[in-house]
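Chain residues, written in single-letter form:
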Amino acid sequence: MEKANLKTENLKKEVIKIFKNHGLSNPHAVISANALINAELVGAYGHGLSRLRMYCERISKKVINPKPRIKVKKISQSIAHIDADNSIGFVAADLAIRKAIECAKKTGIGLVAVKNSGHYGLSGYYAEQAVKKNLITMIYTNAPPAIAPYGAKKSLFGTNPICFGSPTGARALDKFGKPTTDAKKALYGVQLPIAGFRGSGLAWMVDILSGVLTGGNHAGKVKDPFDDFSGPQNIGHLFITFKTNLFVKNYTSRIKNNIKTIKRLPKIKGIKEIMYPGQNKDKRFRMNLKKEIKLSKIIQKDLVDLKN
């Protein structure tokens, strides 16, 4: 069995080997391993190594293409459409955000749509890449059915994350459609969107932007990566990036003033600091980068099993 703790670089090498053993090229294995390790470092363990076995099983069962022929269709100097050929989602998303950054640097804005992709982990991981290039970004992706549209009692929308990035210089329904606080009953029912019809509208819009618009699956057709091996997921993603100086030349000083003003607001009891989104995650990343990554017994077993 693997050690309970491993240094980041050593663990990354192990994960790269596993992906390569499952048919990924070295560059694609590196991209995928980097994304999984990043999730561990920021404390988003549900998107980290706990998903490694799932990705490998989907490759083995030929519903992720380990040798994709990814096609990039240039629509204009600012716009591109990527057919990921059922690649692992990390690879498709990595290419898309790099293309969106390239377009924005040339023209001021980049718009890149992706179809025939898969689960790509943390949206924030890709947003950070654009922010580091001094770009504002908006990222959308859809997911397997988990949420009931407002007024319905059947899941159709995914959890459909919306991600924004900028430089800085629940309740549930039981199977009868009734609200419940009983966890066992909720497992047989569906999740409700945040804020009722407002959250439902947001989830619907993300399904449109990342699914309908891109050519990806939508309206509840994205397959569950853990339970449904009947075919590729065909997830859609949409990446939008743009320069901070399109309308004002002093964006950096304005955003600094914005953050400063909010952080100086009176704080409620028990709150030491008003955090901006992503601040805690960055703090965890920097702290965890200095430590060995702790591995649960399940993940230790996965690392051993998947080597063979």
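Heads up: these notes are all about the structure in this document. Quick caveat: nothing in here was measured; it's all calculated off a predicted structure.

Concerning helix H1 (residues 8–21)
Here's step 1: In this model H1 runs 20 Å from its N-terminal to its C-terminal C-alpha over 14 residues, within 8% of the 20 Å that 1.5 Å per residue would give.
Here's step 2: Restricting attention to buried positions, one finds in H1 the residues Thr8, Leu11, Lys12, Glu14, Val15, Ile16, Ile18 and Phe19.
Here's step 3: Tucked into the core, H1 has its buried residues touching strand S1 (5–6), helix H2 (26–41), helix H3 (52–60), strand S11 (293–294) and helix H10 (297–305).
Here's step 4: Note on H1: the residue one or two positions beyond its end, Gly23, has a positive phi of about 105 degrees.

As for unusual backbone geometry
A negative phi holds for most residues other than glycine; trans holds for most peptide bonds.
Here's step 1: Even without a glycine there, the phi angle at Asp85 is positive, about 55 degrees.
Here's step 2: In this structure, Asp85 sits in the loop between strand S3 (79–83) and helix H4 (89–107).
Here's step 3: What makes Asp85 partly exposed here is its relative accessible area of 26%.
Here's step 4: One non-glycine residue with positive phi stands out, namely Ala219, at about 50 degrees.
Here's step 5: Along the chain, Ala219 turns up in the loop between helix H7 (197–212) and strand S10 (235–243).

Section: a nonpolar patch on the surface
Here's step 1: Residues Trp204, Met205, Ile208 and Val212 make up a contiguous nonpolar surface patch of about 370 Å² in total accessible area.
Here's step 2: You can see Trp204 is positioned in helix H7.

A few points about the packing of H1 against H3
Here's step 1: Between H1 and H3, the least distance of the axes is 10 Å, while the angle of their chain directions is 20 degrees. Here H1 lies roughly parallel to H3, going by the angle between them. Where H1 crosses over H3, the two elements pack in a sense that is right-handed. Residues Val15, Ile18 and Phe19 of H1 touch H3, and the partners they reach there are Leu52, Tyr55, Cys56 and Ile59.
Here's step 2: Residue composition of the contact of H1 with H3, by class: seven nonpolar, no polar and no charged.

Some thoughts on the sheet that holds S10
Here's step 1: On the basis of which strands lie adjacent, the open sheet formed by six strands has the order S2-S3-S4-S10-S5-S6 and mixed pairing. A single partner strand is all that each edge strand has here, and the edge strands are strand S2 (71–74) and strand S6 (162–165). In this sheet, neighbouring strand axes are inclined to one another by 15 degrees on average, regardless of whether the strands run parallel or antiparallel.
Here's step 2: Of the strands in this sheet, strand S5 (135–141), S6 and S10 touch helix H5 (residues 123–131), which is tilted by about 160 degrees from S5.

With respect to the pairing of S3
Here's step 1: Burial of the side chains of S3 is restricted to one face: Ala80 and Ile82 are buried, whereas none of Ile79, His81 and Asp83 on the reverse face is.
Here's step 2: Relative to S3, S2 is paired through four bridges, and the arrangement is antiparallel. Its bridge partner lying in S3, Lys74 is registered against Ala80.
Here's step 3: As consecutive antiparallel partners, S2 and S3 are separated by four residues.
Here's step 4: Between the parallel pair S3 and strand S4 (residues 109–117), the chain is carried across by H4, and the sense of this crossover is right-handed.

Conventions and cut-offs
Each chain carries its own residue numbering, running from 1 in the direction its sequence is written. Confidence filtering applies because this is a predicted model: local features only for residues at pLDDT of at least 70, side-chain atom pairs given and counted only at 80 or more, and all residues used for totals across whole chains, interfaces and linings. Heavy atoms throughout the structure, all of them, feed into the side-chain values; hydrogens and water do not. The numbering of helices and of strands both runs from the N terminus, where a helix is a DSSP run of H or I of at least 4 residues and a strand a run of E of at least 2. The span expected for a helix works out to 1.5 Å for each residue beyond the first. Note on classification: 1.4 Å probe, protein chains only; a residue is buried when its accessible area is under 20% of the maximum for its type, exposed when over 50%, partly exposed between these limits. Only heavy atoms enter the contact rule, under which two residues are in contact if any of them lie within 4.5 Å. For patch detection, residues must exceed 30% relative accessible area and be free of salt bridges, and they are connected within 9 Å for like charges or within 5 Å for nonpolar side chains (Val, Leu, Ile, Met, Phe, Trp, Tyr). The Shrake-Rupley method, run with a 1.4 Å probe sphere, supplies the accessible areas, and residue values consider only the shown protein chains as cover. What counts as a salt bridge is simple: a side-chain nitrogen of Lys or Arg found within 4 Å of a carboxyl oxygen of Asp or Glu. Interaxial angle, 0 to 180 degrees, is taken between N-to-C directions of lines fitted to C-alpha atoms, where a helix line uses only the stretch in contact. When describing relative orientation, an angle under 35 degrees is termed roughly parallel and one over 145 degrees roughly antiparallel, while 65 to 115 degrees is termed roughly perpendicular and anything else oblique. Definitions for this section: a left-handed crossing has its near helix turned counterclockwise from the far helix by less than a right angle. A right-handed crossing has that turn clockwise. Ten residue types, Ala, Val, Leu, Ile, Met, Phe, Trp, Tyr, Cys and Pro, are classed as nonpolar, four, Asp, Glu, Lys and Arg, as charged, and the remainder, Gly among them, as polar. Between any two strands, at least two bridges found by DSSP are needed for them to pair. By convention, a crossover is right-handed whenever its connection, traced from the first strand over the helix to the second and viewed with the strands pointing away, goes clockwise.

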